[in-house]
Amino acid sequence: MTLLAVERIKLLSTRSPWWCALVALVVTAGFTALVVGNADEQFPATVATTQFGYSFGLAVIMVLAALAVTTEYRFGTIRTTFQAIPHRGSALLAKTTVIAALALVIGEITAFVCWGLSMLLQPNADLALNSTADWINVAGVGVVYAISAVIAAAVGILVRHSAGAISLLMIYSLAVESLVQLIPSIGDDIYEWLPFNVANKFLMGDGGSNSGRAADAGMPLSTSPLSPGWALAYFAGFAAVLLAIAITTAKKRDA
Amino acid sequence: MIEAQGLTKRYGKTLAVDDLSFSVTPGKVTGFLGPNGAGKSTTMRMILGLDNPTAGQVRIGGKRYHELHHPLRTVGALLDAKWVHPNRSARAHLAWMAKSNKISPRRVDEVLETVGLSAVANKRAGGFSLGMSQRLGIAAALLGDPEVLLFDEPVNGLDPEGILWIRKFMHRLAEEGRTVFVSSHLLSEMALTASELVVIGKGKLISQSSTDDFVARASENSVKVRSPQLDVLRDALTRASATVAAADDGVVVSGLDIAKIGEIAMDNGVVLHELSPQRGSLEQAFMQITGDSVEYHADLEAEARQALAPTAN
């Protein structure tokens, strides 16, 4: 508990997390407003549509998580940290937990703000959360943000440089995953198992939250063959493995 | 009490610290002296468990750093004053450190008071001057009221007032019975601050002795002599196997006791206008002793050899 409190003081005593949280909220809500506000008969507003912009906030969250680690390396405070807590594994685990908790909170706020905003913009649309799929699609955003934050923190620990870690995360999550599909014959098979595609499966499932809307008219559904539950487990497992590798590396390395 | 045994650190092909053994005892300020690049900071990082030694070990009060429970309460260190998040306030920086080792939050205000930063405690550390950053670093080192204190080049870039403040501060800490280990590349600074010296060059131990011994051993004593009968005296001194070198209006004699020089002058009926001992400067002394082990000398030599070597093929 002490270590969690330490990392909480560290994270919240700088301004960047607050800015990142604000940017995540504004960007995601702004995009949702544009999409939902312009919905028509051909593209009706659904619960899935209200969360259309989650990946914008996700990018910001990953920047926040990576920066929370890399700035410690940049400013040398990681050495002070290891001096105060020589058990690096516990220190880094506590740090990642606090970052993930913050990401969870930001994710839930963002998701429900977007959903509420959509209710205001389209009062006549059926946006009530009346199925498990609907609930997962909205409340699951925070969970995906939290796990993505763990991935970003792990990459931050491994790479140690802000620019390097952030560009790696952004290029991978925004471009590389979808470009893999272009590889002939095996591309789609590989894509099915790539983590952010799988995370999308957890959120969107088989399109239940899209409530009867034509699948090709909404956000493309994930191609993952897993069930939403297993998709979450797979995504979380991927993050856990990456974090374990990062912590093992950090323990062996000179700080 | 810090004890290093056979401490070695290798980065690829470079041996940064080479089989270094020394001990630092409580109750006095021990200087850690060496030219830039001698391996002082690397050694300090190994003491703190930040860098893993390639071989050997270092113990603090018999324990390795990672075996210490709440290490900030046993060892306080200032390795780099800039190791602070620039957007975090001085108080927040100390608050998380205190929290991590279960040190009372009241202690944060105490150490801020001790180093005279209470007025700027809530200001962001990024806006601090070098002197203020050093003070914040010292506050962080003192936070856990530790028995052992390490300071890496604490006076670097400070104004004379700041240097004096730090020097007095170290003396006070040592008088309180703590182990104070402070590194520097300036012998003149160490001569004023430290009573014991661990001297290293190119990662190897050159000597561990009291500062007075080191200085006496280092500065070869020479005597300046002025006389209207310099030629007679020069011959007499040379016969007594002293080394005589010309200096502006007299000679500088080395390798002979000052009393002996006077006696030789008397025996030869030479009138003396001046007979004064010349203390070699500490910097010269230091250069003499560490001369062989300065990194860039070796580089220059190698470069010169390369340039002079006939193009062989």
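Residues numbered from 1 in each chain as written. Chains lettered and ligands numbered in written order. Predicted model: local features only at pLDDT ≥ 70, side-chain atom pairs only at ≥ 80, totals over all residues. Heavy atoms only, no water.

(A) The arrangement of the interface of chain B and chain A in detail. Between chain B and chain A, the contact holds 28 residues from the first and 27 residues from the second. For the pair chain B and chain A, the summed buried area comes to about 2,400 Å², and 61% of that belongs to carbon and sulfur atoms. Taken as a group, Leu50, Trp83 and Trp96 of chain B account for 29% of the area that chain B buries against chain A, more than any other trio of residues on that side. Seen at the junction of chain B and chain A, the total is one salt bridge. With a shortest N-O distance of 2.8 Å, Asp254 of chain A and Lys9 of chain B are connected by a salt bridge. For the interface between chain B and chain A, the tally reads 12 residue pairs in polar contact (both at pLDDT 80 or more). Listing elements by their share of the side of chain B that touches chain A, those giving two or more residues are strand E1 (2-11) and helix H2 (90-100) of chain B. Here the side of chain B that touches chain A takes six residues from H2 of chain B, the largest share from any one element. (Contact = heavy atoms within 4.5 Å. Buried area = accessible area lost by both parts, 1.4 Å probe. Salt bridge = Lys/Arg side-chain N within 4 Å of Asp/Glu carboxyl O. Polar contact = N/O pair within 3.5 Å; in protein donor to acceptor, adjacent residues only side chain to side chain. Helix = DSSP H or I, 4+ residues; strand = E, 2+ residues; numbered from the N terminus.)

(B) The UniProt feature "transmembrane region" (unreviewed entry) in chain A, seen in detail. The feature "transmembrane region" (unreviewed entry), as annotated in UniProt, sits at residues 18-39, 51-71, 92-118, 138-159, 166-187 and 229-250 of chain A in this numbering. Secondary structure content for residues 138-159 of chain A is 100% helix and 0% strand, while the C-alpha to C-alpha distance between its ends is 32 Å. (UniProt positions renumbered as here; feature names shortened; annotations may be inferred.)

(C) Summary view of the side chain of Asn197 of chain A. Residue and element names in this part refer to chain A. Checked against the element boundaries, Asn197 lands in helix H10 (residues 195-204). The buried category is assigned to Asn197, whose relative accessible area is 3%. Within the structure, Asn197 has its side chain in polar contact with the backbone oxygen of Tyr191 (distance 2.8 Å). With residues up to four places along the chain from it excluded, the contact list for Asn197 reads Glu177, Tyr191, Glu192, Ser222, Thr223 and Ser224. (Buried < 20%, exposed > 50% of the residue type's maximum accessible area, 1.4 Å probe, protein only.)

(D) Spotlight on the environment of Ile151 of chain A. Within the secondary structure, Ile151 of chain A is located in helix H7 (residues 132-159). In contact with Ile151 of chain A, not counting residues within four places along its chain, are Leu169, Phe196, Phe235, Phe238, Ala239 and Leu242 of chain A.

(E) Quick peek at unusual backbone geometry. Residues other than glycine seldom take positive phi values, yet Ser185 of chain A does so here, at roughly 55°. Inspection of the secondary structure puts Ser185 of chain A in the loop between helix H8 (162-180) and helix H9 (187-191).

(F) Just the state of the cysteines, in detail. If you walk through the whole model with that rule in mind, you get zero disulfides over all chains. Cys20 of chain A carries a free sulfur, and the closest cysteine sulfur to it, the one in Cys114 of chain A, is 17 Å from it. (Disulfide = S-S within 2.5 Å.)

(G) Spatial organisation of the packing of aromatic side chains. The full count for this structure, using the stated rule, is 11 aromatic pairs over all chains. For the ring pair Phe112 of chain A and Trp135 of chain A, a centre distance of 6.3 Å and an interplane angle of 50° mean the geometry is tilted. Within this pair, whereas Phe112 of chain A is found in helix H6 (residues 88-121), its partner Trp135 of chain A is found in helix H7, the two being separated by 23 residues in sequence. Residue class for Phe112 of chain A comes out partly exposed when judged on its relative accessible area of 29%. With a centroid separation of 5.0 Å and an interplanar angle of 25°, the aromatic rings of Trp165 of chain B and Phe169 of chain B are classed as stacked. One end of the pair is Trp165 of chain B and the other is Phe169 of chain B, both in helix H5 (residues 160-175) and four residues apart, which spans about a single turn. Taken together, the ring pairs in this structure connect Phe31, Phe52 and Phe56 of chain A into an aromatic cluster. (Phe/Tyr/Trp six-rings, centres within 6.5 Å; stacked < 30°, edge-to-face > 60°.)

(H) Spotlight on the pattern of salt bridges. For the structure shown, the criterion picks out 20 salt bridges over all chains. Several salt bridges converge on common partners, so that one network encompasses Glu7, Lys10, Glu72 and Lys95 of chain A.

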